[in-house]
Structure formats: structure tokens, C-alpha cells
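In case you want the letters, here they are:
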Amino acid sequence: MSYTENDLAEDLQNQEYKYGFVSNLESEKIPKGLSEDIIRLISAKKEEPQWLLDYRLKAYAIWLEMTEPEWAHVQYAKPDFQDIIYYSAVKQKKYESWDDVEPEMKETMKKLGISMDEQKVLTGTNVAVDFVMDSVSVATSFKSKLSELGIIFCSFSEGVKNHPELIKKYMGSVVPTTDNFYAALNSAVFTDGSFCYIPKGVRCPMELSTYFRINEQGTGQFERTLVVADQGSYVSYLEGCTAPMRDENQLHAAVVELIAMDDAEIKYSTVQNWYPGDKDGKGGIFNFVTKRGICEKNAKISWTQVETGSAVTWKYPSCILKGDNSVGEFYSVAVTNHHQQADTGTKMIHLGKNTKSTIISKGVSGGKSNNSYRGLVQIHKGATNARNFSQCDSLLMSDECGAHTFPYIECKNSSAKIEHEATTSKIGEDQIFYCQQRGISSEKAISLIVNGYCKEVLNQLPMEFAVEAQKLLAISLDNSVG
Amino acid sequence: MSELLNSTEIDLINTNGYTGVLAAEQKQKASKILETIQFPTTRTEAWKYTRLGKISNKKFSIQKGSVSDISEYVISKDAYTIVLINGIIDTSLSSTDLPEGVICSSIKDTISTEKLNSLVGKNLKLENEIFHSLNTQNALDGSILLIKEKTILEKSIQLIHILTGEHTISNVRNLIVSEKNSQAHIIQGFFSENATESFTNSVTEIFVEENAHLTLDKIQFEDDSCYQVSTEQVEQAKNSTFTINTITLNGALVRNNLNIKVIGQNCCTNLNGAYLLKGNQHVDNHTMVDHIAAHCESHELYKGVVNDKSTAVFNGKVFVRKDAQKINAFQSNANVLLSDDATINSKPELEIYADDVKCSHGSTTGQLDEEAVFYLRARGLSEKSARKLMISAFIDDVINKIENKEVKTFVFGLLQKRFDWEI
Amino acid sequence: MITIKNLHASIDGKEILKGLNLEVKAGEVHAIMGPNGAGKSTLASVLAGRDGYEVTAGTVVFEGKDLLDLKTEDRAREGLFLAFQYPIEIPGVSNVNFLRAALNEIKEYHGEDPINAKDFLKLVREKSAIVELDAKLASRSVNEGFSGGEKKRNEIFQMAMLNPKLAILDETDSGLDIDALRIVANGVNILKSPENATIVITHYQRLLDYIVPDFVHVLFDGKIVKTGSKELALELEERGYDWIKEELAL
């Protein structure tokens, strides 16, 4: 109970999107627009090897042939891909140590609540952080401590430079460039991201965390994350996202690939709080993300997400359960308010025998928002004894919002067992009255009830994130009841 | 798209066309759509799991068939019967003694009251709907049943559709109107005799008016080489109750579109379905309950057993419009897979825009409980009969929703015929 | 403590309370009895401020304040407690968390500091013992999966935690077996003091064997038509309500 109800009440007072500031940092940008030349320019800026440039160009060629998907339950003005700046980097010297980081940058991180201060490990905050601003990774902490264990945790660019064999082997192995429109786009123009490798049998002793921040106007953010957990290893990975308040829509199209080898486990948690646009639906981030993991024998991948931000979200963290006895989990809370639109869910692809998946999705919609769960459970022919349990609940907070459930269940094996349950209900007036009768204000009652409703998911988050997520839920739902 | 029919036949329909209730404008509209429309592919969300190659790569023709003995197809012995062969009413086989309070005629007759004219095609979407357009353009015949105000029908009315011949197409078009305070039970049976690779494209438009109670039992038992696409387009006015039980037991490819618009308050809608498949059958049930008015409830239960290389698709949608508060909608789909070569695709959907609602859906896919099978065997049942018993227990939930005894008995008879069940 | 004068209230345009008068002083226990549909639960709901009830006439003064002018939560913060006839389940919200939020909001309202975790847990232990409520129930979600008896005991436990001035027990005894009834009544008696008061709404006289009322009121057709001592309850139990109707020529 480190976070008290009073803290929550205090946070509730803070009605504005509190990450909406702009940092005054000098940055280097390339001209807007997308072409082969731009891609060559990005690649050159990053001093990339030829194979990576080839990879990008090939992806670009594929992307040109593709059309933007329209099946999701969202409506938005399609981005003009020639009106986006694809590379923007904070002008930086090479930071040799934390002391070299500019005060303005330190201030930015402080405002975001990120601590790069390695001293903090002594006070119990055991999180290694990679900070990605606009297009490039700015700083990564705890590198030396991790390297003692053979763990690689660095920016994607550094990974390309220092561990090309790993990157070459795994990049695109789970999300191929041909996968979808945004994955292809990302593969062509991605600028940075995080790379993480956990060697055989190593249990990563701390949470690894990447913090994504869009700062510059007119830019898109296209980062890639690649997490490879070698046999028998374990890692818990956290991801946070914020952006300044702007009237324009900015595009975020990321790719995340997870590889869990035999007996490995990856826990991937996201608290997504991109700027959602103002209360009239102006501005906000388009969050079109492809996240997928593959499980080898006895491996486990667990996705946990708390989605409160973005104007439009299009995201389906998925698990390919390739190895026998592998396990996939998806825990999600998606909150939409005002004019936000979210179409999110998961795909569980059962290929191996005795594979198991669990899906717990909690949608909360307020204001005039639309919130859809879209999930696929696919049992292939060889997936003997596969098991799936899905629970998708929707909570309605206003009479102008929409909550939708679109599960797809495909089964080709007669020994599989699939259970899907979904409910949609209104936040109980009786519950609110009960709380009020005990002296609790209606705003707080709602926050209590919603947090209770999301508990199964919030419990999956590491402690520090859970507190942040609780606060976020309360803030996001402010003025949601109509 | 018109390649589905020979061009001479289209001319035949157009020149021999009738001046019945299906207005010429609608036929023209449908023809226009058919000029450019393509068959949907699996990229079309509504057809994601059903490939239409079997239908689209064939040429069908209109044939006037005949059947001498219909006793095998009579579902209820205690009902008024209308027989349609290849989509055309056969008056010689149909009842002549229809009761008072019921208007029964053919859509090609010019009984044309203003009311019926305004109802035909009222809710049927033609844009992007190839089968609806095909039916509208080409329907030669079909029944109109109008249950007059305050009429309480003691006996059921059964529409017996029989498909015959090779590569025959039947574009049958029915209209059922249950007027204010009326009550009726209607049966639609789809059968085939000496039919191979023939195709029924049926559209039934149904209007359940204020405080009317209408129950429809639909039995599908065409040959396992035949195809069927059938649509029930339903509209419910306030305080009405509509129940439909769809039992699909045979057919190579069967697609049911059940679209129910609930436009009045305090309505009750029940949708039940059972499908038992074997061989290479493919059965696709698409249902949509569109709650436009408040204070209504809908209950949906679909259960299926798939064996061999068959495929079952369930896509049930509950749509609650913005002002349709206080809706209770429940939807459930349960499947048993008996073979590793069989496939289940289930997609229960909720799309909800009102806040004061209680909606839920559930979908399960699994096997027979082996423990229970073992238990039964330990009590002396053979494995085969133990399994049969378990399957019938599973599917009975739905069959028992059929209130009419005659229909229920007939369904059990079919189950025995096709699956060698004993009851 | 509370003075209700000529209270008229309706729901969906239908008048349920038709000029109800009642005065409760500190230290007193009042029982309200009456046949189904007399307006007993409506009275509880109106006093607690539930939505959908419209007060068309009359006044309610609670500790010198116009009760009807206060928001539901402020009524609670002023010391009005309603033990619900049907305590609602709140999935995922633990009893402890819930009570701490309530307690601290009440404290904040009175300008007091929030209670610290240690004192709070001590209080939970102490008060849960009063109603013999298993400590495990305190950490479970509010009323979720509780048996009927546990729900009612939980109501009294919450009452003990929040220490109200006026407690209204709305059919707290209905559905309880005799053991649970004894526990609930015992809890109420322990909490009784010269500073607080209790209104017991009930169907059954048997509760009044355990919670001894100073006054028994008969609520009939939206009004209190008869007031007496605890013997009146016994009489009602034996003879039903018809004789009152006749006696008063209603």
C-alpha cells in the first residue's frame, strides 16, 4: 500500500495531460517526406552497414505495394506519409557518463519520472532504463552491471554496431517486413529502439525498461524493439510512452519482436500514455504498433498492457506458440475517453502440443470514445490438447461511447478446448451509491470501482508500474461519466 | 457476374416477368448492381470463413421440376402445407383449405395491396449483396403469408421447399407478415429430391407487427451436393415476440443470414440454432440482432457438432444502438469437434453504443467429456452409444427449444436417418 | 439527532411517503415496522439520498443541518449510516481499501488527518471481532462471494469502522439464521452509546428480542400511524396489521 487513496485523489486534481510539455532541445532533422533517398539518408546518418540498408529498401519496395488496412473499428484521416519527418535526433555528444547529459535533457527525464541515477539502485528502485527521444536512444543505464551477466541491453543502433550477428539473425524473424502496412513502413524507416539479449540460463536481476518520448513537431516515431531470451533465461521488460500536446496527429508505428527460446520466459509490460488529443478530439498520436513474440518449447511470453493514451490505437500484441508446452498470456486494460478510438486485442496462434493461452481484456469507455476488443485464437491441426481461456469485459461510463467485442475463434484440432466469455455492462449506479453512502465522493467511487474491475490485469504489472497505471486510470477517466 | 445464368434465361425472366408485389424498380436496381458486383472473397469480412468457389464456378439453370410423393418431406401432419418445387409453388400439392384470417398467395400474383408492396424489399439490402440482388432480379415465385390482425392460428403453416434436378437454381422469395396481436407458427423445410449440385438462394422477409407472436422453425436437409444461401430479414414492432429455430443437418454449403431489426420497445427475440455436420459439409450461420429500441431482450443459443472434414462457422452479432437503453442481450455458441480434420470458426460479436445495457456472449469449443463417456461405458453402454448419448445431450438444449411436437419428432427422425441416432 | 416533519416522497411520480413524522434523540433505538409496500425502504433510501426519489414536501433536520440539502456522501460524512438491505458487490475492490478510502474522506471532511496504516489495521482487527467477521473477509472484495449472513455482518463491521451518529438498519435481519442474527444484534448493541442513535427497519419482531427498542412505530401507507413500546411489536407479530387498520379506520 505504498500508494494511498489520497495520492490518487491528489492526482485526480491534475486534470490535464501532464506529459504535454515540450523540451527545448536542439535537434537535427532531415527534410520531410519518404523516398529511397530519405531511407539512404537515414541509413547513412546512422552509419549503418550495407545489409541493413538493403533490408530497409526491400521493405520500402514492399510497403509501396501495400494498402493501409481498413478493417479495424476506427475512423481517422489517413496520415500523409510525405508530410512526416522520418528522422529527428536530439543533437548530442556521446555521453560518456551521466554527468555529460545536458541539464535540459535531465530535466525532461525528471518530469517524466525517469531516473537514470544509478545511485537509485541502492534505494531499491531496481530498473535499468533505455530512453528513446523522437528517433534515437539517448541514454541507457546500468549497462556495466548487466554486462557482467552477459546481458546485452542497449539502443538498437548500438546493437547493429556491436552485435550485428544477433540482430541479423533475429530482426524480422517474428514480424517479417511483409507482415502488414505499418510493419513494412517501420522496417523501411525505423530509426532506433532497444535491443536486449539474455544469455542462456540467466535470470535478469532487474526490470529492463525503455521509455519512449516524441518531442519534435511534425515527426513520426518508428522504433523497433527486439528482445531475445536464450534458453532457460528470464526477463521482465517495461515500456512507457508519452508525447507533448499538439494540435496535429503524429504517427507512431513501432515493431516489437520477442523471441523466447526453449524454457525461457519474457514478461513484457506497457503503460501507453501517448497524448490522446484534447477533449474535442483534436490532435493526439496515431498508435499503429505491431508486437509479436514467438515461444519455443516450454517457453512463456506474457504481454501486459495498460492503454490510456493515443487518439487512435491499433495494436495486437501476439504470441506464436510454436514449441510444445509453451504458454502465451495477454492482460490488457484499455481506457478510452473523449474522442479516443482503440481497436486492440491479441492473437494466440497455437502450433505446438499442450500449448496454453490466457486472455484477460478489460475495456473501459467514457465520453464519446469507441473501444473495441479484437482477438484471434487459432488452434492449428498439430496443436493437440491446446487450451485457451478468454475473458473480455467492457465497462461503459457514458451513454455516448461505444464498446465492442470481436473475437475470432478458429479451431482445427479436436482435442483443443477453447472458452471465451465476454460481458458488457454499465458502471453500477448502485455501486456508486453504496460508496457514497460510506462517505466516498462519486469521482473517487468510480476510480475505486474501475481499479477493482481492472485488478486482474493491474496485478500482472511490476509494482512501480502498477502504481503509475492506477493513477493513469483515474486521470484518464476524469469527466468520463455522462 | 451474370455468368451464373445463361443469358437467354435472364431474358426469359425479364420478359415473362410478373407484375406482382416485387416492384419493377427493385428488379432494375438489382440488375444494375449485378452488372458490376463480384462474388465476395474471404477478404470480405462477412465471408471470411466461407469460400464461394463451389457456387461461383458453376452455371445454374431454372428448371420446372416435379415431385410425385411429398410424404417424406411433410414436417407436420397437422399443418397447412404449401409446396414449392425449385422455388415455384405447386398448387396441386398444397393445401387449399387455408383458415380464415390468413391471406396466402404467391408473390407473382397481383393481389398487390399497398401494404404488401411497401413491405417487399423494405429492409433487404441490395448494395454489395450479390445473393439478395440475384434473388430480387430472378425470383420467379414464393409465398406470401399474411396473418391478419388478432388472428390466433391453431395450426401451423409449413412451407416445403423441394429442389430437384442437376445444376438447378431456385431463387425463392417469401414474405411473412404477422399483423397486430396475431399469433402464428410457421415452418420452413428445405429438401431435395434427385438433385445434384443445385442451388437454393432463398430470401424470406418477415414483419412481426405490434404485440404479435411469431415462431419460425427452419429445417435444412438438402442433398450433400447442394448449396443454399438463405436470408431471413426480420423486423419487429413494439411488444412483439419473434422466435426462430434453425436446424441444419445436410447440404454441401449452407449459409444462413439472419438479420433481425428490433425497432419497437419491449420486444423479445429468440434465436436458436443447431448444426450437425459430417463429410465435407460447410455450414455458416451469420446472425445479427440490431437493437434500435430500448427495453428489449434477445437470447441466442447456437450449438454444433462437427465431424469428418466438415467446417462450421458461427458469426453472431448483437448491435445496440445509441438510444437503445435497458437492453438485455445474451449470446452463446458452443461447439464439439469430433475429428482433427474438422474446423470450427466462431466469432461472437458485441457492438454496443448504449450504456445502460447488460450484454454477454460466450463461445466454447471442446470435445465430449471423456470422463463421462467412460462413466457410461462402465455402466454397460457401448462406446458408440455412449458417444451418441453425449452428443444428443449436448444438442438437445437447442432441439428442446422447438415447442412444436410434430417438428421436434421430425427433427429426431432426420437425426436418426442421417446420423443413425436412436432417441 | 434527527427530526423528520411531514415528509412526502415519490418515485416515478408515485407517492410513497405521505407526510411522515419522526423524531429520534441521541441514545435512543427506534424500530419501524409495517407491511410490504408501506414505504419502509423508501424512507431509508430518501434519508440516504438515493437517486430517483423525489422529496415533494417536508423537512429533515439532522444534527441541526438540513439533511435533504446535502449530497449523499456529505450525509454519510455528517454521520448518517445506512446498512443496506441488499449490500452490493464491488468486484476487485478490497474491503480494507474501500473502508480506508471512506474513513479518510470522512476525516478529511472534518479537517482531520488521515489515519496511518498501522492504526487502521489495528482498528480493522478490533472492529471485525465485534461481528466475528473472519479477518480474511476484510481483505476480500467488497461483498463479493459473501454469503447472505456475511454481507449483513460486513455492513455492521463497516458501521463499527465508521462510527456513525445515526445508523439506519434496513431489514438487516431478513434472511439471517438465528446465529447470524444474534451476532449482528450483538454488534449493534456493543456500538450503542448515549451519543448515537439507531433506527431499525424490520419485518420481524424476533430482531427486537435482541435489539431492544425504546419506541416501535408502525408505518402504513407512507405515514407513521401508531407508536408504542416494544410490546407493540409483539402484538403486531401475533395479530398482524389488520387490527391497526381497523382500529384507526384506515
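Residues numbered from 1 in each chain as written. Chains lettered and ligands numbered in written order. Predicted model: local features only at pLDDT ≥ 70, side-chain atom pairs only at ≥ 80, totals over all residues. Heavy atoms only, no water.

S.K.: A description of the overall build of chain C should follow, citing residues and the corresponding values.
M.R.: Scanning chain C for helices and strands turns up 10 helices and 12 strands. Considered along the principal axes of its C-alpha atoms, chain C spans approximately 60 × 40 × 35 Å. The proportion of buried residues among the 250 residues of chain C is 54%. In chain C, 69% of the contacts between residues at least 6 apart in sequence involve partners at least 24 apart. Distance from the positive charge centre (30 side chains) to the negative charge centre (40 side chains) of chain C: 2 Å. (Helix = DSSP H or I, 4+ residues; strand = E, 2+ residues; numbered from the N terminus. Buried < 20%, exposed > 50% of the residue type's maximum accessible area, 1.4 Å probe, protein only. Contact = heavy atoms within 4.5 Å. Lys, Arg positive; Asp, Glu negative; His and termini not counted. Charge placed at Lys NZ, Arg CZ, Asp CG, Glu CD.)

S.K.: For helix H1 (residues 40-48) of chain C, give the residues involved together with the corresponding values.
M.R.: Residue and element names in this part refer to chain C. Counting buried residues along H1, 8 of its 9 residues qualify, which places the element largely inside the surrounding structure. Looking only at H1, the buried set comprises Lys40, Thr42, Leu43, Ala44, Ser45, Val46, Leu47 and Ala48. Looking at the residues trailing H1, positive phi occurs at Gly49, about 90°.

S.K.: Can you tell me about the environment of Lys223(C), naming the residues and giving the values?
M.R.: Residues and elements named next belong to chain C. Looking at where Lys223 falls in the secondary structure, it is placed in strand E12 (residues 223-228). Judged by its relative accessible area of 39%, Lys223 falls in the partly exposed class. Remark: the alpha-carbon pair of Lys223 and Leu20, spanning 203 residues in sequence, is separated by 4.7 Å. In this structure Lys223 touches Lys18, Gly19 and Val218, once residues within four positions along its chain are discounted.

S.K.: So what about the sheet that holds strand E9 (residues 166-170) of chain C? Which residues, and what values?
M.R.: Residues and elements named next belong to chain C. On the basis of which strands lie adjacent, the open sheet formed by 6 strands has the order E6-E9-E10-E3-E11-E12 and mixed pairing. The two strands at the open ends of the sheet, each matched to only one other strand, are strand E6 (80-83) and E12. The sheet shows a mean angle of 20° between the axes of neighbouring strands, taken without regard to direction. Note that strand E11 (residues 215-220) and E12 share 5 bridges and pair antiparallel. (Pairing = 2+ DSSP bridges. Axes fitted to C-alpha atoms, helices over the stretch in contact; angles between N-to-C directions.)

S.K.: How would you explain the sheet that holds strand E2 (residues 14-24) of chain C if you had to name every residue and give the values?
M.R.: Residue and element names in this part refer to chain C. Reading across from one edge, E2-E1-E4-E5 is the order of the 4 strands in this open sheet, with antiparallel pairing throughout. Across the chains shown, the open sheet's two edge strands, defined by having one partner strand only, are E2 and strand E5 (65-66). Where strand E1 (residues 2-11) lies against E2, 8 bridges are found, and the strand directions are antiparallel. Bridge pairing in E2 links Ala9 to Leu17.

S.K.: So what's going on with the interface of chain B and chain A? Residues and values would help.
M.R.: Contact with chain B, which involves 37 residues of that partner, is made by 33 residues of chain A. A combined buried area of about 2800 Å² lies between chain B and chain A, and 46% of that area is made up of carbon and sulfur atoms. Taken as a group, Asp340(B), Asp355(B) and Gln367(B) account for 21% of the area that chain B buries against chain A, more than any other trio of residues on that side. Summed over the shared surface of chain B and chain A, the result is 1 salt bridge. (Buried area = accessible area lost by both parts, 1.4 Å probe. Salt bridge = Lys/Arg side-chain N within 4 Å of Asp/Glu carboxyl O.)

S.K.: Please set out the pairing of strand E12 (residues 241-250) of chain B residue by residue, giving values where relevant.
M.R.: Residues in a regular strand point their side chains to alternate faces of the sheet. Residue and element names in this part refer to chain B. The buried count for E12 comes to 10 of 10 residues, which makes it a mostly enclosed element. Strand direction decides the pairing type here: strand E10 (residues 213-221) and E12, joined by 9 bridges, are parallel. Bridged to Thr215 within E12 is Thr243. Examined bridge by bridge, E12 and strand E14 (residues 268-277) share 8 bridges and lie parallel to one another. In the sheet register, Thr246 faces E14, and the bridge partner there is Gly273.

S.K.: Go over the interface of chain A and chain C with me, naming the residues and quoting the values.
M.R.: Contacts between the two partners involve 22 residues from chain A, matched on the other side by 35 residues from chain C. Each partner contributes to the roughly 2500 Å² buried at the junction of chain A and chain C, and carbon and sulfur atoms together form 62% of this total. Summed over the three residues of chain A that lose the most area to chain C, namely Phe433(A), Tyr434(A) and Arg438(A), the buried surface amounts to 31% of that side. If you look at where chain A meets chain C, you find 3 salt bridges. Elements represented by at least two residues in the side of chain A that touches chain C include exactly helix H1 (5-13), helix H9 (429-437) and helix H10 (442-453) of chain A. Residue contributions to the side of chain A that touches chain C peak at 7 residues, all from H9(A). Looking at the side of chain A that touches chain C residue by residue, the class counts come to 8 nonpolar, 9 polar and 5 charged. (Nonpolar A, V, L, I, M, F, W, Y, C, P; charged D, E, K, R; others polar.)

S.K.: Quick rundown of the packing of helix H2 (residues 36-45) of chain A against helix H3 (residues 50-65) of chain A? Include the residues and the values.
M.R.: Residues and elements named next belong to chain A. Running from N to C, H2 and H3 cross one another at 155°; their axes reach a closest spacing of 10 Å. Regarding the angle of H2 to H3, the classification is roughly antiparallel. Remark: the crossing between H2 and H3 carries right-handed chirality. The residues of H3 that touch H2, namely those facing Glu36, Ile39, Arg40, Ile42 and Ser43, are Leu53, Arg56, Leu57 and Tyr60. Class assignment for the residues of the contact of H2 with H3 results in 5 nonpolar, 1 polar and 3 charged. (Parallel < 35°, antiparallel > 145°, perpendicular 65-115°, else oblique. Left-handed = near helix turned anticlockwise from the far one by under 90°.)

S.K.: Summarise the pattern of salt bridges; cite the residues concerned and give the values.
M.R.: One pass over the structure, following the stated rule, counts 47 salt bridges over all chains. Of the charged contacts in the structure, one is a salt bridge between Lys362(A) and Asp393(A), with a shortest N-O distance of 3.1 Å. Taken together, the positions of Lys362(A) in strand E20 (residues 356-365) and Asp393(A) in strand E22 (residues 387-396) put the pair 31 residues apart, joining distant regions of the chain. Summarising the burial analysis for this pair, Lys362(A) and Asp393(A) share the class buried. A salt bridge links Glu232(B) to Lys218(B); its shortest N-O distance comes to 3.0 Å. Taken together, the residues Glu232(B) in strand E11 (residues 227-236) and Lys218(B) in strand E10 connect sequence positions 14 residues apart. Look at Glu232(B) and you get buried, because its relative accessible area is 1%. A single network of salt bridges, built from pairs that share partners, joins Glu45(B), Lys317(B), Lys347(B), Glu349(B) and Glu351(B).

S.K.: Give a detailed account of the side chain of Ser157(A), specifying residues and quantitative values.
M.R.: As for its placement among the helices and strands, Ser157(A) is situated in helix H6 (residues 156-162). Contact partners of Ser157(A), with chain neighbours within four places excluded, come to Lys46(A), Thr191(A) and Asp192(A).

S.K.: Which residues make up the pairing of strand E19 (residues 347-350) of chain A, and what values do they have?
M.R.: Residues and elements named next belong to chain A. Across 4 bridges, the pairing between strand E16 (residues 318-321) and E19 is parallel. Of the residues in E19, the one forming a bridge with Ile320 is Ile349. Two strands pair when backbone bridges link them, and E19 and strand E21 (residues 370-379) are joined in this way by 4 bridges, in the parallel orientation. The partner of His350 across the bridge, within E21, is Ile379.

S.K.: Could you give an account of the packing of aromatic side chains, naming the residues involved and the relevant values?
M.R.: Residue and element names in this part refer to chain A. One pass over the structure, following the stated rule, counts 31 aromatic pairs over all chains. Ring centres of Trp63 and Phe81 lie 5.3 Å apart, and the angle between their planes is 80°; this geometry places the pair in the edge-to-face category. With Trp63 in helix H3 and Phe81 in the loop between H3 and strand E2 (88-90), this residue pair connects regions lying 18 residues apart in the sequence. Taken together, the ring pairs connect Tyr60, Trp63, Trp71, Tyr76, Phe81, Phe181, Tyr182, Phe286, Phe288, Trp314 and Tyr316 into an aromatic cluster. The side chain of Arg224 reaches across the aromatic face of Phe190, ending 5.4 Å from its centre. Of note, Lys362 hangs over the ring of Tyr453, and the distance from its end group to the ring centre comes to 5.0 Å. (Phe/Tyr/Trp six-rings, centres within 6.5 Å; stacked < 30°, edge-to-face > 60°. Lys NZ or Arg CZ within 6 Å of the ring centre and 35° of its normal.)

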